Amino acid sequence: TMGEVGLLYMEVLRAQATVDAREANVKLLQELTSFVRSRRGGGMGTGLDTARAEAQFENERQHLALARSEVERFKLGLINALGIQFDIRLVLTDELKPSVPQMPVLQDALALAMQDRAEVKAAKQRIKTADLALRSTTDERLPSLVAQGDYGLIGNRMHNTADTYSMELMLSVPIFDGGQREGRISESRSLAQQELFKLAVVQNRVSLEVREALMTLESAAEQVEIAKRGLEAAASEQELARERFSVLSSSSNLELTNALFSLARSRDNAIDALYRLNAARINLARALGKMEEIS
């Protein structure tokens, strides 16, 4: 449940970051549209430039409206997972983190997971219970020695009674019970073996989840760095295209429009990379059984 809530939380953060990026794109395209219109009014622009800028501006406005609705939709999913009332106004105070703490070594991560995962602990406890049941059934083969006795008074008057007591020592040697005992022993031994097999399955699944989480986290961290460099390059391209379009009166706004499109795509790539990185952090914490320690 904690892992599910954490991933839904990251979905809302990604949607909100997308809204912020769309708003920045709309602002840039609005400035471009106004500038193109002013150039056309001065005789330095064409109708095609204006139409191209307006089309991209309206397209980005549509993306912004869709992104805002996605934020509210993901918030509803998070509220449902939290089990609170839907009329509550939910405000998220965290943000997508651009980096992660030092990743654990694979062997250390596997050891932590085998020690802290609840399903591994439960499987080991079931093995102990099955072993106790097998030992108890097997011990029925052993002879048993029982001693008992009692002491009391006998008589019809309190001043005229006699002491009475009895003692006995019984030795029970199991010889033949129609094979019932051996059947219970075989059944208990089979159940103990099944629990061992179940533990192996659980450990294999935990090992797979830890390995996948570490691999995904490492890949996501690399993607964040790549997206960061791509965003810087796109921002530089946009600045150069804007300067060129402003200085050269005869130039078309096609280069600037393409640069803005590249910038918008780079922002989306950066947001997706950040989301994958933070989702990978949650998946690793869940795989290690350390959800309570994630921050």
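Refer to the structure above for everything that follows.
Residues numbered from 1 in each chain as written. Predicted model: local features only at pLDDT ≥ 70, side-chain atom pairs only at ≥ 80, totals over all residues. Heavy atoms only, no water.

Chemist: Just checking my understanding: could you explain the overall build of the chain for this structure?
Modeler: Within the chain, the secondary structure is distributed over six helices and two strands. Helices and strands in the chain line up, N terminus first, as α-α-α-α-β-β-α-α. A compact globule built from 295 residues should have a C-alpha radius of gyration of about 19 Å, whereas the chain, at 37 Å, is more than 25% larger. Considering the chain as a whole, with its 295 residues, one finds that 33% of them fall into the buried category. Residue pairs in contact within the chain that sit at least 24 positions apart in sequence constitute 76% of those at least 6 positions apart. Within the structure as shown, the chain displays about 18700 Å² of accessible surface, and the carbon and sulfur contribution to it stands at 55%. (Helix = DSSP H or I, 4+ residues; strand = E, 2+ residues; numbered from the N terminus. Rg over C-alpha atoms; globule rule 2.2 N^0.38 Å. Buried < 20%, exposed > 50% of the residue type's maximum accessible area, 1.4 Å probe, protein only. Contact = heavy atoms within 4.5 Å. Areas by Shrake-Rupley, 256 points an atom, 1.4 Å probe, with all protein chains shown as cover.)

Chemist: Hey, could you run me through the nonpolar core in this one?
Modeler: Ranked by internal contacts, the top residues of the largest apolar core, which has 35 residues, are M10, L32, L78, L92, L256 and L260. The element that contributes the greatest number of residues to this core is helix α1 (residues 2-41), accounting for twelve residues. (Core = buried A, V, L, I, M, F, W, Y, C linked by side-chain atoms within 4.5 Å.)

Chemist: Sorry if this is basic, but what is going on with helix α3 (residues 106-116) here?
Modeler: Along an α-helix, a turn takes 3.6 residues, which lines up residues three or four apart on a common side. Buried within α3 we find A109, L110, A113 and D116. Viewed along the axis of α3, the buried residues span an arc of 150 degrees, placing them on a single side of the element. Residues Q107 and Q115 are exposed on α3 and point more than 90 degrees away from its buried face. (Arc of directions from axis to C-beta.)

Chemist: Teacher, can you tell me more about the layout of surface pockets here?
Modeler: Over the atoms rolls a probe the size of a water molecule, and its path tells where empty space is left. Of the volumes computed, that of the largest pocket is approximately 300 Å³. Around the largest pocket, the lining comprises 15 residues; the ones closest to its centre are P101, R281, L284, A285 and L288. Top element by residues in the lining of the largest pocket is helix α6 (residues 254-288). It accounts for four residues. Its residues placed into classes, the lining of the largest pocket shows ten nonpolar, two polar and three charged. (1 Å grid on protein atoms, 1.4 Å probe; cavity = no way out; pocket = protein on both sides within 12 Å on 5 of 7 lines; lining within 4 Å. Points joined across faces, edges and corners; volume = space filled by probe spheres on them. Nonpolar A, V, L, I, M, F, W, Y, C, P; charged D, E, K, R; others polar.)

Chemist: Please clarify how the pairing of strand β1 (residues 144-157) should be interpreted in this entry.
Modeler: For β1, a buried count of zero out of 14 residues is recorded, marking the element as mostly open to its surroundings. Examined bridge by bridge, β1 and strand β2 (residues 160-172) share twelve bridges and lie antiparallel to one another. Counterpart to L145 in the pairing with β2 is L171. (Pairing = 2+ DSSP bridges.)

Chemist: Hey, could you run me through the packing of aromatic side chains in this one?
Modeler: Two aromatic rings, taken as a pair, are described by how far apart their centres are and by the angle between their planes. Taken as a whole and judged by the stated rule, the model has zero aromatic pairs. Over the ring of Y275 we find R14; its NZ or CZ atom is 4.0 Å from the centre of that ring. Just above the ring of F74 sits the side chain of R73; from NZ or CZ to the centre is 4.6 Å. (Phe/Tyr/Trp six-rings, centres within 6.5 Å; stacked < 30°, edge-to-face > 60°. Lys NZ or Arg CZ within 6 Å of the ring centre and 35° of its normal.)

Chemist: I'm lost on the environment of M10 in this one. Help?
Modeler: Mapping M10 onto the fold places it in helix α1. Not counting chain neighbours up to four residues away, the residues in contact with M10 comprise L96, Y275, N278 and I282.

Chemist: Looking at this structure, I do not really get the pattern of salt bridges. What am I missing?
Modeler: Taken as a whole and assessed by the stated rule, the structure comprises 13 salt bridges. The shortest N-O distance in the salt bridge between E58 and R61 comes to 3.3 Å. Here E58 and its partner R61 are both found in helix α2 (residues 47-82), three residues apart, which amounts to about one turn of the helix. Put simply, R286 and E209 hold a salt bridge, and the shortest N to O gap is 3.7 Å. One end of the pair, R286, is in helix α6; the other, E209, is in helix α5 (residues 180-247), with 77 residues separating them in the sequence. Relative accessible area serves as the criterion here: at 36%, R286 is assigned to the partly exposed category. (Salt bridge = Lys/Arg side-chain N within 4 Å of Asp/Glu carboxyl O.)

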